[in-house]
Amino acid sequence: EDTKKLLKHDDLMKAIRLLRDAQYIDIYTRPNKLPLAQLFAQKMFSIKKRVDTSLVSGNDIIQASMSNHTHCAIIISYSGETTHILHLAQKLKNNNTPIIAITSISKSSLVKLADVCLRISSREMLNTKIADYASSESIGCLLDILYSCYFALDYENNLSYKLSIAREIDDNYS
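Just so it is clear, the structure is predicted and the values come from calculations on it, not from any experiment. (Residues numbered from 1 in each chain as written. Predicted model: local features only at pLDDT ≥ 70, side-chain atom pairs only at ≥ 80, totals over all residues. Heavy atoms only, no water.)

Even after reading the chapter, I still don't get the state of the cysteines, so can you show me in this structure?
Disulfide: a covalent bond connecting the sulfur atoms of a pair of cysteines. If you walk through the whole model with that rule in mind, you get zero disulfides. Here Cys72 is not cross-linked by a disulfide; its sulfur's nearest cysteine counterpart is in Cys117, at 13 Å. Under the relative-accessibility criterion, Cys72 is labelled buried at 0%. (Disulfide = S-S within 2.5 Å. Buried < 20%, exposed > 50% of the residue type's maximum accessible area, 1.4 Å probe, protein only.)

Help me out: how do you make sense of the packing of helix H3 (residues 34-45) against helix H7 (residues 133-153) in this one?
When two helices pack together, you describe them by how their axes are tilted relative to each other and by the distance separating the axes. Look at H3 against H7: their axes get within 10 Å of each other, and the N-to-C directions meet at 15°. Comparing the axis directions of H3 and H7 gives the class roughly parallel. Helix-helix and strand crossings are classified by hand; for H3 and H7 the assignment is right-handed. Along the contact surface, H3 presents Leu36, Ala37, Phe40, Lys43 and Met44, while H7 presents Ser136, Ile139, Gly140, Leu143, Asp144, Leu146, Tyr147 and Tyr150. Along the lines of polarity and charge, the residues of the contact of H3 with H7 split into nine nonpolar, two polar and two charged. (Axes fitted to C-alpha atoms, helices over the stretch in contact; angles between N-to-C directions. Helix = DSSP H or I, 4+ residues; strand = E, 2+ residues; numbered from the N terminus. Parallel < 35°, antiparallel > 145°, perpendicular 65-115°, else oblique. Left-handed = near helix turned anticlockwise from the far one by under 90°. Contact = heavy atoms within 4.5 Å. Nonpolar A, V, L, I, M, F, W, Y, C, P; charged D, E, K, R; others polar.)

I keep staring at the pattern of salt bridges and nothing clicks. Help me out?
Side-chain pairs of opposite charge can arise whenever the charged atoms involved come near each other. Enumeration according to the criterion identifies five salt bridges in this entry. Across the pair Asp21 and Arg20 runs a salt bridge whose closest N-O atoms are separated by 2.8 Å. Under the relative-accessibility criterion, Asp21 is labelled exposed at 55%. Two residues, Lys93 and Asp115, come together in a salt bridge whose shortest N-O distance is 3.9 Å. Separated by 22 residues along the polypeptide, Lys93 in helix H5 (residues 83-94) and Asp115 in the loop between helix H6 (109-113) and strand E5 (116-119) bring together distant segments of the chain. (Salt bridge = Lys/Arg side-chain N within 4 Å of Asp/Glu carboxyl O.)

Please explain H3 as it appears in this structure.
In an α-helix there are 3.6 residues to a turn, and that puts residues three or four apart on one side. The end-to-end C-alpha distance of H3, which contains 12 residues, comes to 16 Å, matching closely the 16 Å that a straight helix rising 1.5 Å per residue would cover. Considered for burial, the residues of H3 that qualify are Leu34, Ala37, Phe40, Ala41 and Met44. Looking straight down H3, one finds that the buried residues subtend no more than 125° of arc, so they occupy a single side. Exposed residues on H3 whose side chains face more than 90 degrees from its buried face are Pro35 and Gln42. Of the surrounding secondary structure, the elements contacted by the buried residues of H3 are strand E1 (24-28), strand E2 (51-53), strand E3 (71-76) and H7. (Expected span 1.5 Å × (residues − 1). Arc of directions from axis to C-beta.)

It is not clear to me how the packing of aromatic side chains should be interpreted in this structure. Could you clarify?
Two aromatic rings, taken as a pair, are described by how far apart their centres are and by the angle between their planes. Evaluated as defined, the whole model comprises two aromatic pairs. Plain terms: the ring middles of Phe151 and Tyr155 are 5.5 Å apart, the flat faces sit at 70° to each other, and that makes the pair edge-to-face. Members of the aromatic cluster, joined through ring pairs, are Tyr147, Phe151 and Tyr155. Between Lys48 and the ring centre of Tyr161, over which it is positioned, the NZ or CZ distance is 4.5 Å. (Phe/Tyr/Trp six-rings, centres within 6.5 Å; stacked < 30°, edge-to-face > 60°. Lys NZ or Arg CZ within 6 Å of the ring centre and 35° of its normal.)

So what exactly am I meant to see when it comes to unusual backbone geometry here?
Of all residues except glycine, most have a negative phi; of all peptide bonds, most are trans. Its identity is not glycine, yet Lys48 carries a phi of approximately 70°, on the positive side. By secondary structure assignment, the location of Lys48 is in the loop between H3 and E2. Here Lys48 falls in the exposed class, since its relative accessible area comes to 60%. Unusually for a residue other than glycine, Asn96 sits at a positive phi of about 60°. A residue is classified by how much of its surface remains accessible, and Asn96, at 58% relative accessible area, is exposed.

Okay, structure coming up:
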């Protein structure tokens, strides 16, 4: 509910346009959020849109250095103030890469560098939380919304493609 209340239609539409217009989509985040990024990448791959996440430490800097206006970067950061994330965002900005920020703090340094910001729930205390339950659910929700909206841009073709692939790999039909 928090995530839904924070989501602004115009920001979501701008993010979808950035994804649609990108030849390449790259996700940058801290290691603890990589599984969420990989799940999004897998969903997008299932409709022929490649999304890259950097699994090897240090490769995200190389990825950002090689980025340009044909890419779109999704940067996930709870605070939007992490030094490493801001270094990546500045490098991307210098390379004219459009940036979608997924963060909780609306006036963070990351938001200032981003082309559009999608807000996540901020019901967790940054330094005293026992785990990142709410923010992980919120990030997962936003990534699912991005995927669903992107899928809907070419719904019939995406559905047809997914069904044809499913028939090829699944030999048990219900």
